[in-house]
Structure formats: structure tokens, C-alpha cells
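Coordinate analysis (summary)
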Amino acid sequence: MSQAAYVCDELYRRGWTEAIGGNVSLRMECGGTLVTVSGCRIADVSSDPQRCLGVVDSQGEVVSGFAGGGCPTSELGSHLTTLNMLEADGRCERAMLHCHPPAILALGVTLGEMTGEALTELLWSMHTECGLIFPRGVGALGAMVPGSEELGAKTAEQFKTRDLVFWPHHGLAAIGKTLVEAYDRIDMAEKAAGIALAALQASGINSKLPEAIVNATRAMAK
Ligand code: 2HA
Ligand code: ZN
């Protein structure tokens, strides 16, 4: 099974996509970008990759795939602007993943609008592995129309300095050297958000990891 199909199956299994939610992209050695088709159920990718996946060039023109005549994901703007920026900056990340994990969405609703700094500090302080898995933290945007040019441009800008970007009332986006690394970053952030949310629902957040421990784990990241 391809890396894209494996990760899509995981997104569905974890309940991080619903209906046609979620999309993935991977810049390949040849320069093309593998992306999910628009309107596809993520659960269908592994059983029907010819229809659910295709390759576009750096401008978004379809090169191959999408058997059945589909077009690239509605979030192509975010994916391509981000992957083009990463390549132009000589970065090693080649993959981007977007989905709708429920705990971080509920945390965003509970706490209201948050800066990336505040959200990052909160998530890092919930679990020791966070600093290791997303050492550059989470950027946060305001609410935006899905698939919009503004969302794509602001997301790519955040990824210059962040591993993840939170889209309030919508979901998370992550980058990684591989799709699995991007998936792991979402998994870790969603775990930390779930811990924060459970604490808020109980007696509140009464303990946070000391900053020195957070920074020591961040320093361990490759
Ligand atoms: O691909 O998740 O953000 C469907 C979406 C749009
Ligand atoms: Zn979405």
C-alpha cells in the first residue's frame, strides 16, 4: 500500500475526516505533486487509488491520475503554495496533510481565538513528547472560507516557522518529510488537545510541564 493510501486509511479510522473532509499531498522526486481528488471520501483512497489520487504540476495542472475525470482537492491552493514555498526555501519537508480532528476543534471552541504562541505553549505543556514531535509548534489562523486563496496563502506563511497550522472551526494542517511524519504531528497535537480538553472539563488545567523540560525535548528533535 502506498504511503498516501496508508495515511488516508488512518485518518478515516481515527475519525479525523467525515463525508468528503481531509486531503493529502506529497511532492515526488520527479517534481510532480501527488494529491487526493476533490470530493472523495478518504476511506475510498486505499481501495480505489486510480480514481482518488492524481499528480499535478507546480501550477496545479493535472499531469496524471484522477481516473473517472475528477479534479484535485478543494484545498489544492494550501497544499501547492506550501509545498512550493518549502521547496523554494530548500526545506526537507515534502508532504502536507489536512483533516478535522475533534479534540483540537473543541479546544478552539472552548478557549476562543488564540494566537499560535498561546496554543503552542498550551499543547507543548500537556505532554512531554509534543516538543519532540512538533518542535516548531502550531500556527493559528482566524476563521476562513475553506479552499480560499487567503487560507492557502496564510497557511503557507505559517509553515515557514511552524510544523502545524490550526484552522479554527475547521481542522489542522501539518507538514513533514513524509506523510507519516505529518500524520504523527497531527496525532500528537490531537492527543495534547484531548488532555487539555479533558482537564478543562474536570477541575481545570492545574499542572503544566516546566518550560525547561519542553525546551529540552524540543532540542532532542531531529
Ligand atoms: O477536502 O477538508 O477543507 C475537503 C476539506 C476541505
Ligand atoms: Zn477541511
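For the structure given in this document, a descriptive report is provided here. (Residues numbered from 1 in each chain as written. Chains lettered and ligands numbered in written order. Predicted model: local features only at pLDDT ≥ 70, side-chain atom pairs only at ≥ 80, totals over all residues. Heavy atoms only, no water.)

1. Examining the state of the cysteines
Enumeration over the complete set of coordinates arrives at 0 disulfides. Note on C30: no disulfide assigned, nearest cysteine sulfur contributed by C8 at a separation of 18 Å. (Disulfide = S-S within 2.5 Å.)

2. Some points on the pairing of strand β8 (residues 171-176)
As a general feature of sheets, a regular strand has side chains that alternate between the two faces. Within β8, 6 of the 6 residues are buried, which leaves the element mostly enclosed by the surrounding structure. What you see with β8 is no split at all: G171, A173 and I175 on one side and L172, A174 and G176 on the other are buried throughout. Inspection of the sheet shows strand β5 (residues 95-99) paired to β8 by 5 bridges, in the antiparallel sense. Across the sheet, A95 pairs through a bridge with G176, a residue of β8. Hairpin connection from strand β7 (residues 164-167) to β8: 3 residues lie between these consecutive antiparallel strands, with H169 at a positive phi of about 60°. (Buried < 20%, exposed > 50% of the residue type's maximum accessible area, 1.4 Å probe, protein only. Helix = DSSP H or I, 4+ residues; strand = E, 2+ residues; numbered from the N terminus. Pairing = 2+ DSSP bridges.)

3. Here's the deal with the coordination of the zinc ion (ligand 2)
Here the zinc ion (ligand 2) is held by H98 (NE2), H100 (NE2) and H170 (NE2), and the distances to it run 2.0 to 2.1 Å. Binding-site remark: the zinc ion (ligand 2) is held by donors from one chain whose sequence spacing is H-x1-H-x69-H. Residue H98 is found in strand β5, and its partner H170 is found in the loop between β7 and β8; the two are separated by 72 residues along the sequence. Looking at H98, the relative accessible area reads 1%, which means it is buried. (Donors = N, O, S within 2.8 Å, 3.2 Å for Na, K, Ca; no water.)

4. Some words on the nonpolar core
Counting 52 residues, the largest nonpolar core has L11, L97, L123 and F134 as the members making the most contacts within it. For this core, the element with the most residues is helix α8 (residues 179-201), which contributes 10 residues. What L97 contacts, discounting residues up to four positions off in sequence, is V7, L11, N23, V24, H79, L172, A173, A174, L179, A182, Y183 and I186. Counting 12 residues, the second-largest nonpolar core is a separate cluster that includes M85, L151, W167 and I175. (Core = buried A, V, L, I, M, F, W, Y, C linked by side-chain atoms within 4.5 Å. Contact = heavy atoms within 4.5 Å.)

5. With respect to the pairing of strand β1 (residues 23-27)
In terms of residue burial, β1 counts as a mostly covered element, since 5 of its 5 residues are buried. Of the two faces of β1, the one holding N23, S25 and R27 and the one holding V24 and L26 are both buried throughout. Here 4 bridges tie β1 to β5, and the two strands are oriented antiparallel to one another. Along β5, the bridge assignment pairs L26 with A95. Where β1 meets strand β2 (residues 33-36), 3 bridges bridge the pair, whose relative direction is antiparallel. Across the sheet, R27 pairs through a bridge with T33, a residue of β2. Between the end of β1 and the start of β2, which pair antiparallel, lie 5 residues, with G31 showing a positive phi angle near 100°.

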